[in-house]
Amino acid sequence: MQFLHSSDWQIGMKAESVGRTAERVREERLEAAKRVVQAARDNGAEMVFLSGDVFEDNAVDRLLVRKVGEILRAFPGPVYIIPGNHDPLVPGSVWEHSVWKDAANITVLSKSEPVELDQCILFPCPLHEKYSTKNPTVWIDAKNVTKPAIGLAHGNVEGIPNGEPDYPIPRDAANRLGLDYLALGHWHSFARYDTGDGVCRMAYAGTHETTKFGERDSGNVVVVEIAHHGTPPKLTPVKTGRLDWRTVERTVDQPQSLEAVIEELGRLDPPDATLVRVIIGGVLFPEDRHALVRIEELLASRFLFGSLDTSALIPAPDGEGWIESLASGSFREAAVKLRSQAAQSANPAERAVATHALLQLFELYERSRA
């Protein structure tokens, strides 16, 4: 059998961190859902499994629910879904929408009990609340089945760095429970859990479209092939994400170091589908003020979204150009105080504000002389 595993679509997410670009980010998640269906078609998947958090929460616009249902309805085979912790099966949830009954090929699995299909036996673990310290897979016993045994679960695999003890799932759950494959949801990056002999029977597919900066290896689905019960699954990640979330983080300590950042930004492509976060720390030399302005302009004009974080950047303490270029008077006096505060304050937030104020002061001074 061959199927497609996906999860964590988070349809309806706010994406407030990217400002006015949020609407495009939300639209792209729906388009990515269409690409998931196309990937299933292109790769010969007989069915699609969605392991939770199809929606950001149960309060999303009901028209969005209808749109997702219609997208999945276009797949020629069956689609099986479990509710996750963002969209748990509670009264008034998205799963009460009529679209799930209208689409004959979609089944929302609402009970933790085996479901026998022609090709396999499903062991779904739907969630009924947002938080729990209970292992959602604990009820599964697939040791005596004769068909491929597929589990669908949503939670934290134990041992994940910074992972909360929320719906904990043992790292050896698939082997322990007798499953041929455990399709996981909750984490947004593709991650596989191999046994000591190198066989992978459980994995996170990750989100189908990257949701934020810093997500590792997201924007995928996984096509899984199982010859028959007991044989190792073959996992093939397939890219479905289109937006590229890039973080450019640099520490500068020499004059003209920012030119390398400008060159790197110029190489990023395609700009109309790229969101860029630039983080610059270290020391800023007077002659690099204009390079910093160029970086701000590039981020604002070239990319779908851009942000610049200079909170860890301070004026070079020995860069006398900060003061020498200013005429005597209020501008110079203010610059002296700001440079001192930016370089010597023990409070990182105060240093960041002083640095930003110093840069603005020089901009105002140059405008006054224009």
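Model, not experiment: these values are computed from the prediction.

Some details on the overall build of the chain
(1) Moving on: The number of helices and strands found in the chain is nine helices and 17 strands.
(2) Moving on: Considering only C-alpha atoms, the chain reaches an extent of 85 × 45 × 35 Å along its principal axes.
(3) Moving on: Out of the 370 residues in the chain, the part that is buried amounts to 52%.
(4) Moving on: Long-range pairs, those at least 24 residues apart, make up 72% of the contacts in the chain between residues at least 6 apart in sequence.
(5) Moving on: Accessible surface for the chain amounts to roughly 17200 Å². Of this, 49% is attributable to carbon and sulfur atoms.
(6) Moving on: Separation between the mean location of the 40 positive side-chain charges and that of the 52 negative ones in the chain comes to 2 Å.

Concerning helix α5 (residues 258-267)
(1) Moving on: Looking only at α5, the buried set comprises Leu258, Val261, Ile262, Glu264 and Leu265. Along the axis of α5, the buried residues cluster in a sector spanning 160°; they form a single face. In this structure, α5 carries Glu263 and Arg267 as exposed residues pointing more than 90 degrees from its buried face.
(2) Moving on: Where α5 is buried, its residues touch β15 (244-252), β16 (274-284) and α6 (289-301).

Here we look at the sheet that holds strand β2 (residues 47-51)
(1) Moving on: The six strands lie next to each other as β4-β3-β2-β1-β13-β14, forming an open sheet whose pairing is mixed. The open sheet has two free edges, formed respectively by β4 (106-108) and β14 (234-239), since each of these has just one partner strand. Across this sheet, the average inter-strand angle for adjacent strands is 20°, counted without regard to direction.
(2) Moving on: Here strand β13 (residues 220-225) pairs with β14 via six bridges, running antiparallel. Bridge pairing links Val221 to Val238 in β14.
(3) Moving on: Across the face of the sheet, helix α2 (residues 62-73) comes into contact with β2, β3 (79-82) and β4 while running at roughly 130° to β4.

Considering the sheet that holds strand β11 (residues 191-194)
(1) Moving on: The sheet built from six strands is open, its strands ordered β5-β6-β7-β10-β12-β11 with mixed pairing. Every interior strand has two partners, whereas the edge strands, β5 (115-116) and β11, have only one.
(2) Moving on: In this structure, strand β6 (residues 121-124) lies alongside strand β7 (residues 149-154), joined through four bridges in parallel fashion. Along β7, the bridge assignment pairs Phe123 with Gly151.

Comments concerning the nonpolar core
(1) Moving on: Residues Leu4, Trp9, Phe55, Val68, Leu72, Ile81 and Trp100 are the most contacted members of the largest nonpolar core, which totals 31 residues.
(2) Moving on: Contributions of two or more residues to this core are made by α1 (22-42), β2, α2, β3, α3 (99-102) and β13.
(3) Moving on: It is α1 that provides the largest number of residues to this core, a total of six residues.
(4) Moving on: Excluding residues within four positions of it along the chain, Trp9 makes contact with Arg29, Ala33, Val36, Leu50, Asp53, Val54, Val68, Leu72, Thr207 and His208.
(5) Moving on: Counting residues in hydrophobic clusters, the runner-up holds 22 residues, among them Tyr80, Cys200, Ala203 and Val224.

Cut-off values and rules
- Residues numbered from 1 in each chain as written.
- Predicted model: local features only at pLDDT ≥ 70, side-chain atom pairs only at ≥ 80, totals over all residues.
- Heavy atoms only, no water.
- Helix = DSSP H or I, 4+ residues; strand = E, 2+ residues; numbered from the N terminus.
- Buried < 20%, exposed > 50% of the residue type's maximum accessible area, 1.4 Å probe, protein only.
- Contact = heavy atoms within 4.5 Å.
- Areas by Shrake-Rupley, 256 points an atom, 1.4 Å probe, with all protein chains shown as cover.
- Lys, Arg positive; Asp, Glu negative; His and termini not counted.
- Charge placed at Lys NZ, Arg CZ, Asp CG, Glu CD.
- Arc of directions from axis to C-beta.
- Pairing = 2+ DSSP bridges.
- Axes fitted to C-alpha atoms, helices over the stretch in contact; angles between N-to-C directions.
- Core = buried A, V, L, I, M, F, W, Y, C linked by side-chain atoms within 4.5 Å.

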